[in-house]
Amino acid sequence: MSAHRIVFYTKAGCHLCEDAARLLAQLQPEFALTIQTIDIQSDSALFKKYFDQIPVLVIDARVTLAAPIRAEDVRAALSISDFGS
């Protein structure tokens, strides 16, 4: 099984982002995850797109989750992606 690719849009000082990062770390042993973390403050277009939605997770380029990120939603998205592979 190949690793799930997660793009994690975040920014410094975001407590919901910190919670999402902890959740991803907890899910790492359960699911093979490759996580690309992108600070939305590094790109004005990304900041405009996501500033009021972060954290945002894009899972396997198929599922997008925005704040609040819940463990059951991430698990469901990863399971759907597993089924489709």
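For the structure, check the block above.
Residues numbered from 1 in each chain as written. Predicted model: local features only at pLDDT ≥ 70, side-chain atom pairs only at ≥ 80, totals over all residues. Heavy atoms only, no water.

**Side note on the sheet that holds strand 2 (residues 33-39)**
The strands making up a sheet associate through backbone hydrogen bonding, with each pair oriented either parallel or antiparallel.
No. 1: Here four strands make up an open sheet; going across it, the order is 2-1-3-4 and the pairing mixed. Among the strands making up the open sheet, the edge pair consists of strand 2 and strand 4 (63-66). Adjacent strand axes in the sheet meet at a mean angle of 20 degrees, parallel and antiparallel pairs treated alike.
No. 2: In this sheet, strand 4 lies alongside strand 3 (residues 56-59) in antiparallel orientation, the contact comprising four bridges. The residue bridging leucine 57 from the neighbouring strand is leucine 65, located in strand 4.
No. 3: Contacts between helix 1 (residues 15-27) and the sheet are confined to strand 1 (4-10), strand 2 and strand 3, with strand 1 contributing the most and set at about 165 degrees to the helix. (Pairing = 2+ DSSP bridges. Helix = DSSP H or I, 4+ residues; strand = E, 2+ residues; numbered from the N terminus. Axes fitted to C-alpha atoms, helices over the stretch in contact; angles between N-to-C directions. Contact = heavy atoms within 4.5 Å.)

**Quick look at the nonpolar core**
A general feature of soluble globular proteins is that nonpolar side chains tend to end up buried together.
No. 1: Judged by nonpolar contacts, the single largest core of 27 residues is most densely connected at Tyr9, Leu57, Ile59 and Val74.
No. 2: Those elements that provide at least two residues to this core are strand 1, helix 1, strand 2, helix 2 (44-50), strand 3, strand 4 and helix 3 (71-84).
No. 3: Top contributing element to this core by residue count: helix 1, with five residues. (Core = buried A, V, L, I, M, F, W, Y, C linked by side-chain atoms within 4.5 Å. Buried < 20%, exposed > 50% of the residue type's maximum accessible area, 1.4 Å probe, protein only.)

**Regarding unusual backbone geometry**
No. 1: For the peptide bond that leads from isoleucine 54 to proline 55, omega is 0 degrees, which places it in the cis range.
No. 2: With respect to the secondary-structure elements, proline 55 resides in the loop between helix 2 and strand 3.
No. 3: In this structure, the amide linkage connecting alanine 67 to the following residue, proline 68, adopts the cis form with an omega of -5 degrees.
No. 4: If you trace the backbone, proline 68 turns up in the loop between strand 4 and helix 3.
No. 5: Despite not being glycine, aspartate 60 shows a phi value in the positive range, around 50 degrees.
No. 6: You can see aspartate 60 is positioned in the loop between strand 3 and strand 4.
No. 7: The class for aspartate 60 is buried, based on a relative accessible area of 17%.

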